[in-house]
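Letter by letter, the chains look like this.
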Amino acid sequence: LAKIQLHKAERLLIEQNKRFSLDYLNVVYALSRVYGDTFELEKEREAVLTTIELSKTLFGENDLKTIGAISNLATIYQKQGNLKKSKKLALNIYNKRQRLFPNNHKDIAYSLSQLGTINHWLGDYNEAAYYFELSHQKFLQVYGEKHPNTLNSLAGLGSVLNTQGKYIAAETVSYTHLRAHE
């Protein structure tokens, strides 16, 4: 009887600890958002790193919450100008999302768009154009042609083409972008 009660007590303690950890995770995540909104990037990065570790512990390496937290870290590195670290994380996230979601899922489109932006900032224009084109196709499938994410991916592509000196292609993309706003 004592062993059964001890086992029940252990299970209860584990459940309470998980609830406490989940509450703590939510608080740290909210705090990271506050730091991001106030442009305290180093504090935001520390909070997101804590969020990632808690998410891995609670949900696992390949859980959507963990992947989302890692995506946030990639964005922070991007804002800090650490583009190589950001790109490495973004590629990792993209690969994980490809394994988890169907091909036309919004999270895959977001990953592609993020990779387009990072590569554009790195000066890898061919790669940036490739990712923006893919993200545009995915956003078209998911949201349609007038959704802001679809239009933003098209604007990103136009910007890259313009930077490359491909002015006619950039003008065509910009015209398509403007027509979608009508």
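Just above sits the structure.
Remember, predicted model here, so these are calculated numbers, not experimental data.

Engineer: Would you take a moment to explain the nonpolar core for this structure?
Structural biologist: The tendency in soluble globular proteins is for nonpolar side chains to be buried side by side. If you look at the biggest cluster of nonpolar residues, it comprises 11 residues: Val-48, Ile-52, Ile-67, Ala-69, Ile-70, Leu-73, Ala-74, Ile-76, Tyr-77, Leu-89 and Ile-93. Of all elements in the fold, only α2 (41-59), α3 (64-80) and α4 (83-100) reach the threshold of two or more residues within this core. When residues in this core are grouped by element, the largest group, seven residues, is from α3. If we ignore the near neighbours within four places in the chain, the residues touching Ile-76 are Leu-41, Glu-44, Arg-45 and Val-48. Listed in part, the nine residues of the second largest apolar core include Leu-154, Leu-157, Val-160 and Ala-170.

Engineer: It is not clear to me how the packing of aromatic side chains should be interpreted in this structure. Could you clarify?
Structural biologist: In this structure the tally under the stated criterion is three aromatic pairs. Taking 5.3 Å as the distance between ring centres and 75 degrees as the angle between the ring planes, the aromatic pair formed by Tyr-110 and Phe-139 counts as edge-to-face. Taken together, the residues span a long stretch of sequence, with Tyr-110 in helix α5 (residues 106-122) and Phe-139 in helix α6 (residues 125-143) at a distance of 29 residues. Looking at Tyr-110, the relative accessible area reads 33%, which means it is partly exposed. Classification of Phe-139 as buried rests on a relative accessible area of 1%. Considering the side-chain rings of Phe-139 and Tyr-143, the 6.0 Å spacing of their centres and the 20 degrees angle between planes classify their relative orientation as stacked. Note that Phe-139 and Tyr-143 are positioned in helix α6 at a spacing of four residues, about one turn of the helix. On the basis of relative accessibility, which here comes to 28%, the residue Tyr-143 falls in the partly exposed class. The structure contains a cluster of three or more aromatic residues connected by ring pairs, namely Tyr-110, Phe-139 and Tyr-143.

Engineer: Before we go on, may I ask you to explain the side chain of Glu-44 in this structure?
Structural biologist: Mapping Glu-44 onto the fold places it in helix α2. Overall, the relative accessible area of 9% leaves Glu-44 in the buried class. Not counting the four nearest positions on each side in its chain, Glu-44 is found in contact with Ser-32, Tyr-35, Gly-36, Ile-76 and Lys-79.

Engineer: Would you take a moment to explain helix α7 (residues 148-163) for this structure?
Structural biologist: The α-helix winds at 3.6 residues per turn, so residues separated by three or four positions along the chain end up facing the same way. The end-to-end C-alpha separation of α7 is 22 Å, in line with the 22 Å expected for 16 residues at 1.5 Å each. What α7 keeps buried is the set Asn-149, Thr-150, Leu-151, Ser-153, Leu-154, Gly-156, Leu-157, Gly-158, Val-160 and Leu-161.

Engineer: Mind showing me how you'd approach the packing of α6 against α7 here?
Structural biologist: Packed helices, taken two at a time, are described by the angle their axes make and the gap between the axes. Taken N-terminus to C-terminus, the directions of α6 and α7 make an angle of 160 degrees; their axes are 8 Å apart at the nearest point. In terms of orientation, α6 and α7 fall into the roughly antiparallel class. With respect to the hand of their crossing, α6 and α7 are arranged in left-handed fashion. Of α7, the residues touching α6 (which contributes Tyr-125, Ala-128, Ala-129, Phe-132, Glu-133, Ser-135, His-136, Phe-139, Leu-140 and Tyr-143) are Asn-149, Thr-150, Ser-153, Leu-154, Gly-156, Leu-157, Val-160 and Thr-163. Counted by class, the contact of α6 with α7 contains 10 nonpolar, seven polar and one charged residues.

Rules and cut-offs
Residues numbered from 1 in each chain as written. Predicted model: local features only at pLDDT ≥ 70, side-chain atom pairs only at ≥ 80, totals over all residues. Heavy atoms only, no water. Core = buried A, V, L, I, M, F, W, Y, C linked by side-chain atoms within 4.5 Å. Buried < 20%, exposed > 50% of the residue type's maximum accessible area, 1.4 Å probe, protein only. Helix = DSSP H or I, 4+ residues; strand = E, 2+ residues; numbered from the N terminus. Contact = heavy atoms within 4.5 Å. Phe/Tyr/Trp six-rings, centres within 6.5 Å; stacked < 30°, edge-to-face > 60°. Expected span 1.5 Å × (residues − 1). Axes fitted to C-alpha atoms, helices over the stretch in contact; angles between N-to-C directions. Parallel < 35°, antiparallel > 145°, perpendicular 65-115°, else oblique. Left-handed = near helix turned anticlockwise from the far one by under 90°. Nonpolar A, V, L, I, M, F, W, Y, C, P; charged D, E, K, R; others polar.

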